[in-house]
There are 2 protein chains.
Amino acid sequence: MRGMLSFMILFLLSKRSMYGQELAEEIGRRKGEKPNPGTIYPALKDLTASRLVSVESHGRMTVYRLTKSGRTTLAKAQKYFARAYGDILVASKK
Amino acid sequence: MRGMLSFMILFLLSKRSMYGQELAEEIGRRKGEKPNPGTIYPALKDLTASRLVSVESHGRMTVYRLTKSGRTTLAKAQKYFARAYGDILVASKK
DNA sequence: ACTAGAATATTGGTTATCCAATAAAGCCTA
DNA sequence: TAGGCTTTATTGGATAACCAATATTCTAGT
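All of the points below concern the structure found in this document.

Reading guide: rules and limits
- Residues numbered from 1 in each chain as written.
- Chains lettered and ligands numbered in written order.
- Predicted model: local features only at pLDDT ≥ 70, side-chain atom pairs only at ≥ 80, totals over all residues.
- Heavy atoms only, no water.
- Helix = DSSP H or I, 4+ residues; strand = E, 2+ residues; numbered from the N terminus.
- Rg over C-alpha atoms; globule rule 2.2 N^0.38 Å.
- Buried < 20%, exposed > 50% of the residue type's maximum accessible area, 1.4 Å probe, protein only.
- Areas by Shrake-Rupley, 256 points an atom, 1.4 Å probe, with all protein chains shown as cover.
- Lys, Arg positive; Asp, Glu negative; His and termini not counted.
- Charge placed at Lys NZ, Arg CZ, Asp CG, Glu CD.
- Pairing = 2+ DSSP bridges.
- Contact = heavy atoms within 4.5 Å.
- Axes fitted to C-alpha atoms, helices over the stretch in contact; angles between N-to-C directions.
- Least-squares fit on C-alpha atoms with pLDDT ≥ 70 in both.
- Bend = angle between axes of the 7 residues up to and from the residue.
- Near = heavy atom within 4 Å.
- Polar contact = N/O pair within 3.5 Å; in protein donor to acceptor, adjacent residues only side chain to side chain.
- Nonpolar A, V, L, I, M, F, W, Y, C, P; charged D, E, K, R; others polar.

For chain A, the helix and strand inventory stands at four helices and three strands. Computed over its C-alpha atoms, the radius of gyration of chain A comes to 14 Å, within 12% of the 12 Å expected for a compact globule of 94 residues. Taken along its principal axes, the extent of the C-alpha atoms in chain A is 45 × 30 × 20 Å. In chain A, which comprises 94 residues, the proportion classed as buried is 44%. For chain A, the accessible surface area stands at approximately 5400 Å², while carbon and sulfur atoms represent 51% of it. Put simply, chain A has 18 plus and 7 minus side-chain charges, and the middle of one group is 6 Å from the middle of the other.

Structure below.
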């Protein structure tokens, strides 16, 4: 994995498969700003190269889908981040 | 702020003021590996320069303390990260 | 006083992360 | 079939984040 962006991508794709633009918009909604193409596509390329995400072309659109390996990687990353940052975020919820 | 490490430092210092080594050990407990001096001290220096953290020397020890500005910055960062990543971590808690 | 160890700190360099600009390819409407 | 629009993608470069190695300063035990 690359970092927090890749982490978020894996999570979003675990909810449902998406087109790149859908992903970018959802990320934008969470982070407050839509990521640039030069940010999101290299991240997707990286995730695809490491077999955590698979691609399927439909005309000009590309569907990104979480692989089985991506799912287990996501689960591990979630545990890691929950241990490291879980209580920090919870502490801000009130 | 620099990144996730600075975020964690601010949070830990919001619990109580600490020496650098205490910080490093607590971070190590959370992240699984104690950060190198070349990681943590530049981060502390940066936080100090931006007045989010204050320092107080006691012999060879240095106490790092969260400033008022650091507290408000932390609160904002917590809201941001909670919005961006909150449900991702919560989803892994079960 | 000397020395061993601990805490703090800096330096130099590597990799990760991300953006701005640009390009290409497919779709739609006229 | 020409034009513009959308989506996907690449390139080049800037900055952030971090580590390994080294240096400095203070403390404590002898």
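Residue and element names in this part refer to chain B. With antiparallel pairing, three strands are arranged side by side in an open sheet as E1-E3-E2. The strands lining the two open edges of the sheet, one partner per strand, are strand E1 (18-19) and strand E2 (53-58). Judged from the six bridges that link them, E2 and strand E3 (residues 61-66) form a sheet pairing that is antiparallel. Bridged to Glu56 within E3 is Val63. Lying over the sheet, helix H1 (residues 4-15) contacts E1, E2 and E3, oriented at roughly 95° with respect to E3.

Before going further, it helps to examine the relation of the copies chain A and chain B. Superposing chain A onto chain B takes a rotation of 180° plus a shift of 0.0 Å along the axis, which leaves an RMSD of 0.0 Å. In short, the pair behaves as if placed about a two-fold rotation axis. A high fraction, 100%, of the interface residues of chain A reappear at the interface in chain B, so the copies pair face to face through one surface.

Moving on, we come to the sheet that holds strand E3 (residues 61-66) of chain A. What the three strands build is an open sheet, ordered E1-E3-E2 (chain A); its pairing is antiparallel. This sheet does not close on itself; its edge strands, each paired only once, are strand E1 (18-19) and strand E2 (53-58) of chain A.

This paragraph deals with helix H4 (residues 68-90) of chain A. Ala84 of chain A marks the point of greatest bend in H4 of chain A, at about 55°. Taken together, the buried positions of H4 of chain A are Gly70, Leu74, Ala77, Gln78, Phe81, Ala82, Ala84, Tyr85, Gly86, Ile88 and Leu89 of chain A. Taken together, the buried residues of H4 of chain A touch helix H1 (4-15) and E3 of chain A together with H1, helix H2 (20-31) and helix H4 (68-90) of chain B.

Surrounding DNA strand D, one finds 22 residues, the nearest of these being Tyr64 of chain A together with Arg2, Gly3, Asn36 and Thr39 of chain B. Backbone atoms, meaning sugar and phosphate, form 70% of the atoms of DNA strand D found within 4 Å of the protein. In this structure, a phosphate oxygen belonging to DNA strand D sits 2.6 Å away from a side-chain N or O atom of Asn36 of chain B. Among the elements that make up the surface near DNA strand D, the one with the highest residue count is helix H3 (residues 37-49) of chain A (five residues). Of the residues assigned to the surface near DNA strand D, the class counts are eight nonpolar, nine polar and five charged.

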